[in-house]
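# Report on the structure
As a plain string of letters, each chain reads:
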Amino acid sequence: MKTLTAFKRITVLFLATVFVLSCSDDDEIKVVEKAPETITELAVVTPELSTLVEALLVADGNLAAVLDNPSASLTVFAPTNDAFARFLAANNFASLDDVPKPVLTQVLLNHVMSGENFSGSLSTGYGKTLATEASSGANLSIFINTAGGVTLNNTSSVTMPDIDATNGVIHLVDEVIGLPSILDFATTNDDFSILVQALTRSDLTFDYVSALSTPSGSDPAPFTIFAPTNEAFVNLLGELGASGLSDIDEPTLKATLDLHAVAGANVVSSALTDNMMVGTLGGNITANVSGGATLTDANGRVSNIQVVDVQATNGVIHVIDKVVLPYTDGTIAAKVSSNANLSSLLAAVQAAGLVDVLNGATEYTVLAPTNEAFAAFLADNNFADLGSVPTDILTQVLLNHVITGTVMSGDLVASGSGYANTNATGAGDMPMSIFYDTSNGVMFNNSAMVSSADLAATNGVIHIIDKVIGLPSVVDHALANPSFSNLVAALGAADGDLVSVLSGNGPFTVLAPVNDGFTSFLADNNFASLGDVPTDALSQVLLNHVFGGTTFSTDLVSAGSGYSSTSATGAGDKPMSIYFNTSNGVQFNGVSTVALPDVVAANGVIHAVDKVIGLPTIATFATSNPALSILVETLAYADTGMPTVPYITTVSDAAAGPFTVFAPTNGAFGNLLTDLGASALTDIPTGTVDSVLLMHIVSGNIQSDGLPNGTVSTLGGDITADNTNFTLTNSNGTSNIVTSLVDIQAANGVVHVIDRVIR
């Protein structure tokens, strides 16, 4: 029988065991069953292994012959029929024929070990099966646990051990042992329980579970994992003075875990050499093999590799006795120079002459673009190489990645979003602003994402990012901040290609309404959406939020109050005016308050405001300036009688006019009351008030440079103007009515403030 093929032997044996010959007592023919010898023969005569026998015949590689080889010495963990039934159901296979043959073959080989291993000789630890890892051909490992019986990969238990065969031994098991991933091995070995806790912590910004389950042949598999034991983690907590993993912040934990993983390589122990730089996800560590395999991290801490080559289908694990830690010593410049993935940044820093800055005692937070990020930056800006970038531009770009002080990622996450100042120089020679948002990772200027955070240095901290951060315009800042999304939409919808305008050289000062400001503006003006606003009107409203030059909050506060010109067009095609007052915050035209000042861009500065600033009328400027409050009362008082002009309605109507209004200050009205012997405005008849007000209104939009030397016809009579000295004289010869503030331009006319009432 030893000369028969395996299939023939199985067939003959099967027939011999199931065929029963019935005969009378005096029959002389007897059927003598041959005792089974090999593993295959034992499987055939064991009813509980009939599915296994069928699988051996279906699989590639003539596995029945392998297990029938009389000269072999093998240990087989043999799944029962029920185990196979559960395996097929769990994997949605109707029958063994539905299992891809290569997969079925590897699964079966994962139940076979070389050598004869009886249960008494098994001990807790790793063995090797005849299954292999695809990229390297290395034999897969199997984790054997003998703490309570014999379990395999924490999924399958031996139910009947030590079935002796002539070429090995069979152990019946109650589950099919699947092909293990790295994650499977981590979860099956109780000595990795703290590592599993670390990998699955809910606040991690990277999904290690999904990554380490990536099948072989799919990026980023295969992996090489250096897996610290529970004791290694316990020792680390003691070293750090921490009571548990929860005491370690997320960026530090992630940076630490990254140092234990190599992506895209199945590095077995035989490939390790002395002084070998191992490029992990978190940076380089050094391997040595003389005197025992070890790993040395950037701090000089040495980890011993206790167990090597725990082979999974998607990579290999080496067990270590000490947790590898991120670099915690050296300056920022030194850390950059030691990180191969930051070599382009190092070259840029050297070219810009910033090495000494990053080596100094001043603490900085550096956003460090990777080599890939620099390659994309050069390509996007049509630079052949770093040498093609003008040094002054390169310097400013690099400084836009440097924040003074140490800002940990936890600080940013706690804040949520906001602005910081970089060391680049923006408009008005002020520090450039940078916007951060932690709603989905840690993002800067809505372009660069932190990929590795909180790399500590003696003079600060490094956050590695995936993009180079360009020098932002005011439009870039608006695009980066979700609070300005309505403003961005409005700029795109309005006439005049305002996005291109505000992306130009400038400089500009932009009062940027937040989203809620636009919502209120639409509601107040009965617009259902931005699309309902006429695009020409929308353009003028937006331009009314833009000044030429750079005006910072300190400039406004220093001035206290006053007027400036916007880019909108008022009556007579003159630049529209805007009034600011800082007595209670910083307000514009009495309606909009600065919520966040001084967001500095390369071509200007942004002040976020809480309301959209509508196009102002003469009434707007009268009501917003406290120095003209009695004029407002006087206009209202006149309207209670029979005025020649309905004053409040007229000066509030953007479509009326245009008018030129000489606006007396509160002090001017105080002098009038004294001159008339009145204690209050109401002591003066409304008719008199009406006639006085008419002397302050001129038809047309007459700015100061158009004021004639001579007669000016008001609605109440003629007065005389002296353009040279800016004085007005009434018909009675009362002069010295000096205009102290001129050319306040509104949509329906212009206002000149005067310090005497004309009568």
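This one's a predicted model, so the numbers in the text were calculated from it and none came from an experiment.

## Some words on the pairing of strand β15 (residues 364-369)
With 6 of 6 residues buried, β15 lies mostly within the body of the structure. Side chains Y364, V366 and A368 of β15 all project onto a buried face; the interleaved residues T365, L367 and P369 project onto the opposite face, where all are buried too. As defined by bridge partners, β15 adjoins strand β16 (residues 402-404) across 3 bridges and the pair is classed as antiparallel. Each bridged residue has a counterpart across the sheet, and for V366 the counterpart in β16 is V402. By the bridge criterion, 6 bridges tie β15 to strand β21 (residues 460-465) in an arrangement that is parallel. When the bridges of β21 are listed, A368 appears paired with I464.

## What about the confidence of the model for the chain?
In low-pLDDT regions, the fine details of the predicted coordinates are not to be read closely. Here the chain shows a mean pLDDT of 90. Residues at 70 or above account for 94%. Confidence drops under pLDDT 50 across residues 1-34; counting only partners more than four residues distant or on other chains, this segment forms 30 contacts.

## Overview of the nonpolar core
Nonpolar side chains tend toward joint burial in soluble globular proteins. One finds I39, L52, L56, L67, F84, L104 and L108 to be the most contacted residues of the largest nonpolar core, which totals 35 residues. Listed by contribution, the elements that provide at least two residues to this core are α2 (39-44), α3 (50-58), α4 (63-68), β1 (74-79), α5 (81-90), α6 (101-109) and β7 (168-173). Ranked by residue count, the leading element in this core is α3, at 5 residues. Among residues more than four places away in sequence, those in contact with L104 are A55, V58, A59, L96 and V99. With 34 residues, the next largest nonpolar core counts Y579, A656, I697 and V751 among its residues.

## Examining the sheet that holds strand β20 (residues 448-457)
As summarised here, the arrangement of the 7 strands in space is β16-β15-β21-β20-β19-β18-β17, forming an open sheet in which the pairing is mixed. Two strands in the sheet have a free side with no partner beyond their single neighbour: β16 and β17 (417-425). Looking at chain direction, strand β18 (residues 431-437) and strand β19 (residues 443-444) are connected through 2 bridges and run antiparallel. When the sheet's bridge partners are listed, Y436 is paired in β19 with F444.

## Topic: the pattern of salt bridges
Evaluated as defined, the whole model comprises 4 salt bridges. Between D258 and K254 there is a salt bridge, and its shortest N-O distance comes to 2.9 Å. Taken together, the residues span about one helical turn, with D258 and K254 both in helix α11 (residues 250-258) at a distance of 4 residues. Under the relative-accessibility criterion, D258 is labelled buried at 4%. Residue classification places K254 among the buried residues on the basis of a relative accessible area of 10%. The salt bridge partner of D675 is R759, with a shortest N-O separation of 3.9 Å. In this pair, D675 is assigned in helix α27 (residues 666-676) and R759 in the segment after β35 (749-754), connecting sequence segments 84 residues apart. Judged by relative accessible area, D675 falls into the partly exposed class, the value being 47%. Here R759 falls in the partly exposed class, since its relative accessible area comes to 40%.

Scoring rules and cut-offs
- Residues numbered from 1 in each chain as written.
- Predicted model: local features only at pLDDT ≥ 70, side-chain atom pairs only at ≥ 80, totals over all residues.
- Heavy atoms only, no water.
- Buried < 20%, exposed > 50% of the residue type's maximum accessible area, 1.4 Å probe, protein only.
- Helix = DSSP H or I, 4+ residues; strand = E, 2+ residues; numbered from the N terminus.
- Pairing = 2+ DSSP bridges.
- pLDDT = per-residue confidence, 0-100.
- Contact = heavy atoms within 4.5 Å.
- Core = buried A, V, L, I, M, F, W, Y, C linked by side-chain atoms within 4.5 Å.
- Salt bridge = Lys/Arg side-chain N within 4 Å of Asp/Glu carboxyl O.

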